[in-house]
Amino acid sequence: MSNKYQPHYGTGKGALMERPVTGILMAEGVTPPANGTAGYAVGCIFFDRDATTAPFHWRNVGTSTSSKWVVWGTSHTYTNTAASTAHTASTTETLFDTNYSIPANTLWAGARIVVDFQGIATGVNAGDTLTIVLYLGGLTGTALLSGTATAVAANDIFCGHAEILIRTIGSSGTFVAFGSHADVPAATGVAVVKYEITASTTVDTTAAQVLGVGADWNSTNASNTCRLDVFSVAIF
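Let me begin by describing the structure that accompanies this report. (Residues numbered from 1 in each chain as written. Predicted model: local features only at pLDDT ≥ 70, side-chain atom pairs only at ≥ 80, totals over all residues. Heavy atoms only, no water.)

Focus on the pattern of salt bridges
Summed over the entire model, instances satisfying the criterion amount to five salt bridges. Between Lys194 and Asp183 there is a salt bridge; the shortest N-O distance is 3.7 Å. Of this pair, Lys194 sits in strand β17 (residues 193–203) while Asp183 sits in the loop between β16 (173–182) and β17, and the two are 11 residues apart along the sequence. Accessibility expressed as a relative area gives 29% for Lys194, which makes it partly exposed. According to the relative accessible area criterion, Asp183 is buried, its value standing at 16%. With a shortest N-O distance of 3.8 Å, Glu196 and Lys194 are connected by a salt bridge. Taken together, the shared-partner salt bridges connect Asp183, Lys194 and Glu196 into one network. (Salt bridge = Lys/Arg side-chain N within 4 Å of Asp/Glu carboxyl O. Helix = DSSP H or I, 4+ residues; strand = E, 2+ residues; numbered from the N terminus. Buried < 20%, exposed > 50% of the residue type's maximum accessible area, 1.4 Å probe, protein only.)

Written out as structure tokens, the structure reads:
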């Protein structure tokens, strides 16, 4: 037997469809509900109509008396629309400014995060080295793909692909990861691929976690400069 649903709008909490007793099944608004908000049925989908960047859709995996919201479905989460600011003449490791911060409390056990990146050394002082690293949690977090410091030439490229699998969530959540990258930046068609894994590692999913690529020159020579052309994150 089918159930009766009540489509409506304007009755509070952004409800679009509600079932008596179990709660709101579908809702929309400019801000996703806070975790712990009551009235949303288990499995309720919330459409964020004011989001300028993904995620746009959320799903309640909590209860009708205490909701818990996670990103719903395939999320084309972030793709840079322009190259990063150049990292130039610095021996201080820095994240390129085309990075993505995963919002707190939006991951779930079983979430799969896919990251792709590509950059280029646009100018180099002969003999100076560049190191490229992909991080989860920013520069103080976990290095997922670690390049080797090496002397590069102008127009040498660096690139990588990583997949992060969330095992458990919470302040002591865990993840594993694997990926491949150009260990040593090199000319197109020459770079050697290196494969890496990350064994089970702790991650605090109750806090925002920055995914980004760090760059570090070994010299402050003004000729040393590189940029990140592509940075893409998808959460499934």
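Overview of the packing of aromatic side chains
On inspection of all chains with the given rule, the structure shows five aromatic pairs. Aromatic pair Tyr78 and Tyr100: ring centres 5.8 Å apart, planes at 25 degrees, arrangement stacked. Placement of the pair is Tyr78 in strand β7 (residues 75–79) and Tyr100 in strand β10 (residues 100–102), with a sequence separation of 22 residues. An angle of 55 degrees between the planes, with centres 6.2 Å apart, marks the rings of Tyr78 and Phe231 as tilted. Of this pair, Tyr78 sits in strand β7 while Phe231 sits in strand β19 (residues 225–235); the two residues are 153 residues apart in sequence, bridging distant segments of the chain. Neither residue differs from the other here; Tyr78 and Phe231 are each classed as buried. Taken together through their ring pairs, the aromatic side chains of Tyr40, Phe46 and Trp69 make up a single cluster. In this structure, Arg112 packs its charged tip against the face of Phe236, placed 5.0 Å from the ring centre. (Phe/Tyr/Trp six-rings, centres within 6.5 Å; stacked < 30°, edge-to-face > 60°. Lys NZ or Arg CZ within 6 Å of the ring centre and 35° of its normal.)

What to know about the pairing of strand β13 (residues 142–146)
Put simply, side chains in a regular strand alternate between the two faces of the sheet. The pairing of strand β12 (residues 129–136) with β13 spans four bridges and is classified as antiparallel. Looking at the pairing, Leu134 lines up with Leu145 of β13. Connecting β12 to the antiparallel partner β13 that follows it, the hairpin turn spans five residues, and Gly137 within it adopts a positive phi of roughly 100 degrees. (Pairing = 2+ DSSP bridges.)

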